[in-house]
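Next come the chains, spelled out residue by residue.
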Amino acid sequence: MTSPSTDYVVVIPTLGRPSLTACLEALAAAEGPPPLQVVLVDDRALDDCTPLPAAIPAALRDRTKVVPGCARGPAAARNTGWRAADATPWVVFLDDDVVPGPTWGTDLAADLAAASPRTAGITARIAVPVPADRRSTDWERNTAGLATAKWITADMAYRRDALESVDGFDERFRRAFREDADLALRVLAAGWALASGTRRTTHPVRPADRWVSVRLQAGNADDVLMTRRHGRDWWHHADAPRGRLPWHLAVTAAAGASLLCAAAGRRRTAAVLAGLWLGGTAEFAWARIAPGPRTRDEVVTMAVTSVLIPPSAAGHWLRGLVRHRRVAPLSVRPAPAVPEALPEPVPERV
């Protein structure tokens, strides 16, 4: 019996960040079988016609292909990439800000060789380096959560047959958020299996301004889409943290009701509601300040953004309810092409 093929291509959606060069250099330097092809999906705006600001290593230059992504987000960019790539059994998705480990190619080959016929995808082990000489900031802790995220496409190998069976990523996810969990849940619903690999990839903490936590609240609209597609218990199936949305909604409602009562002349009720808003906001701010370095800049950032995050989260959640109100639940249709697992070998009696 011939061994299953471990040939693979690498797909990297990118906005041309400086980290892309480091990613490609690490990929080229890694021990083990190289990818048969590297597809870079240029997802910058269509009016940006400049070449990607990345130095492609010589070892990858003759096998690298650049395709336009049309600025439709990482889910659509990944679909563009794997469909434009040469036909191989496996497609490995990398983010443009990760650094594959020194033995990445060898470890990936072992991961793919160990996959059963029913294995649709294999995750990598993601490491997020954080400062050793001080406590992590709120943004650093947020990024460190990627190390325990399931099915994260920062480094995820998918079988091409599995991608085709579920029509790839759902392109309604326009941000790098939940699109990986959605794909994994659809693949599992189609009868495939997912596995954890041994290869290691580093995901550095990229620079961010003090408003990044407010912008991240846009993901609450994507959570609505997840609920519409996969049901209210999708958090459990995806092993994802529930987050503080219910608390944010309560705090925002208290603030809004306080303003309405004040306008109506109901000062005592307005004062009680304002106290609830203030207490909830203070609790949220301290929950973010306490584990951090507590520098002046960090405390100011946490205090200001803790006021803005609850209404931002509520607003994006309401927007998601409106935008995705007609989304139908996932229709579970197991793919008939999913192969059965290979039988376990019978031990020889001595």
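Residues numbered from 1 in each chain as written. Predicted model: local features only at pLDDT ≥ 70, side-chain atom pairs only at ≥ 80, totals over all residues. Heavy atoms only, no water.

- The protein chain has the name Glycosyl transferase family 2 in an unreviewed UniProt entry, where Streptomyces rimosus subsp. rimosus is given as its organism.
- The UniProt entry for the protein chain carries the following comment under Pathway (unreviewed entry): "Cell wall biogenesis; cell wall polysaccharide biosynthesis."
- Turning to the protein chain, the UniProt annotation filed under Sequence similarities (unreviewed entry) states: "Belongs to the glycosyltransferase 2 family." (UniProt positions renumbered as here; feature names shortened; annotations may be inferred.)

1. So, the UniProt feature "domain: Glycosyltransferase 2-like" (unreviewed entry) in the protein chain
Inference 1: Per the UniProt record, "domain: Glycosyltransferase 2-like" (unreviewed entry) is found at residues 10–113.
Inference 2: Secondary structure across residues 10–113 comprises 35% helix and 22% strand; the distance between its end C-alpha atoms is 17 Å. (Helix = DSSP H or I, 4+ residues; strand = E, 2+ residues; numbered from the N terminus.)

2. Details of helix α11 (residues 245–263)
Inference 1: With 19 residues, α11 extends 27 Å from end C-alpha to end C-alpha; this agrees with the ideal 27 Å at 1.5 Å per step.
Inference 2: Taken together, the buried positions of α11 are Leu 245, His 248, Val 251, Ala 254, Ser 258 and Cys 261.
Inference 3: Phi turns positive, to about 85 degrees, at Gly 265, one or two residues after α11. (Expected span 1.5 Å × (residues − 1). Buried < 20%, exposed > 50% of the residue type's maximum accessible area, 1.4 Å probe, protein only.)

3. Describing helix α3 (residues 74–84)
Inference 1: Most of α3 sits out of view: eight of its 11 residues are buried.
Inference 2: If you check which residues of α3 are buried, you get Pro 74, Ala 75, Ala 76, Ala 77, Arg 78, Asn 79, Gly 81 and Trp 82.
Inference 3: Buried residues in α3 make contact with β1 (8–14), β2 (37–42), β4 (90–94), α6 (160–165) and α7 (179–189). (Contact = heavy atoms within 4.5 Å.)

4. Focus: empty space enclosed by the protein
Inference 1: Tallying each qualifying case throughout the model produces one cavity of 30 Å³ or more.
Inference 2: In this structure, the largest cavity encloses a volume near 30 Å³.
Inference 3: The wall of the largest cavity is formed by Arg 172, Arg 174, Arg 175, Asp 222, Arg 323 and His 324.
Inference 4: Grouping the amino acids of the lining of the largest cavity by side-chain chemistry returns no nonpolar, one polar and five charged.
Inference 5: Here the lining of the largest cavity spans two domains, and each of domain 1 (8–208) and domain 2 (212–329) adds at least three residues to it. (1 Å grid on protein atoms, 1.4 Å probe; cavity = no way out; pocket = protein on both sides within 12 Å on 5 of 7 lines; lining within 4 Å. Points joined across faces, edges and corners; volume = space filled by probe spheres on them. Nonpolar A, V, L, I, M, F, W, Y, C, P; charged D, E, K, R; others polar. Domains from an automatic or database assignment.)

5. Describing the side chain of Asp 111
Inference 1: Summarising the element assignment, Asp 111 is placed in helix α4 (residues 104–113).
Inference 2: Other than its neighbours up to four places away in sequence, Asp 111 contacts Ile 122, Gly 197, Thr 198 and Arg 199.

6. Some remarks on the domain arrangement of the protein chain
Inference 1: Each assigned domain of the protein chain is listed with its residue range as follows: domain 1 (8–208) and domain 2 (212–329).
Inference 2: Here the C-alpha centroids of domain 1 and domain 2 sit 30 Å apart.
Inference 3: Every contact between the two is made by 21 residues of domain 1 and, on the other side, 30 residues of domain 2.
Inference 4: For the pair domain 1 and domain 2, the summed buried area comes to about 2100 Å², and 58% of that belongs to carbon and sulfur atoms.
Inference 5: Linking domain 1 with domain 2 are three salt bridges.
Inference 6: Among the ionic pairs, Asp 222 bridges to Arg 175, the shortest N-O distance being 2.9 Å.
Inference 7: At the junction of domain 1 and domain 2, the tally comes to eight residue pairs in polar contact (both at pLDDT 80 or more).
Inference 8: Sorting the residues of the side of domain 1 that touches domain 2 by element identifies α5 (138–144) and α7 as the ones contributing at least two each.
Inference 9: Looking at side-chain class alone, the side of domain 1 that touches domain 2 contains seven nonpolar, three polar and 11 charged residues. (Buried area = accessible area lost by both parts, 1.4 Å probe. Salt bridge = Lys/Arg side-chain N within 4 Å of Asp/Glu carboxyl O. Polar contact = N/O pair within 3.5 Å; in protein donor to acceptor, adjacent residues only side chain to side chain.)

7. Quick word on the nonpolar core
Inference 1: Counting residues in hydrophobic clusters, the biggest one holds 34 residues, and the most contacted among them are Phe 93 and Tyr 158.
Inference 2: The element contributing the most residues to this core is α7, with five residues.
Inference 3: When we break this core down by domain, the ones giving at least three residues each are domain 1 (8–208) and domain 2 (212–329). (Core = buried A, V, L, I, M, F, W, Y, C linked by side-chain atoms within 4.5 Å.)

8. Focus: the pattern of salt bridges
Inference 1: Within this structure, the stated rule accounts for 21 salt bridges.
Inference 2: Arg 17 serves as the salt-bridge partner of Asp 97, at 3.5 Å between the closest nitrogen and oxygen. Remark: Arg 17 occurs in the loop between β1 and α1 (19–29) and Asp 97 occurs in the loop between β4 and β5 (99–100); sequence separation between them is 80 residues.
Inference 3: Under the relative-accessibility criterion, Arg 17 is labelled partly exposed at 28%.
Inference 4: Linking Asp 97 and Arg 206 is a salt bridge whose minimum nitrogen-to-oxygen distance equals 3.3 Å. Highlighted residues: Asp 97 in the loop between β4 and β5 and Arg 206 in the loop between β8 (193–202) and α8 (212–215), separated in sequence by 109 residues.
Inference 5: By sharing partners, the salt bridges in this structure join Arg 17, Asp 96, Asp 97 and Arg 206 into a single network.

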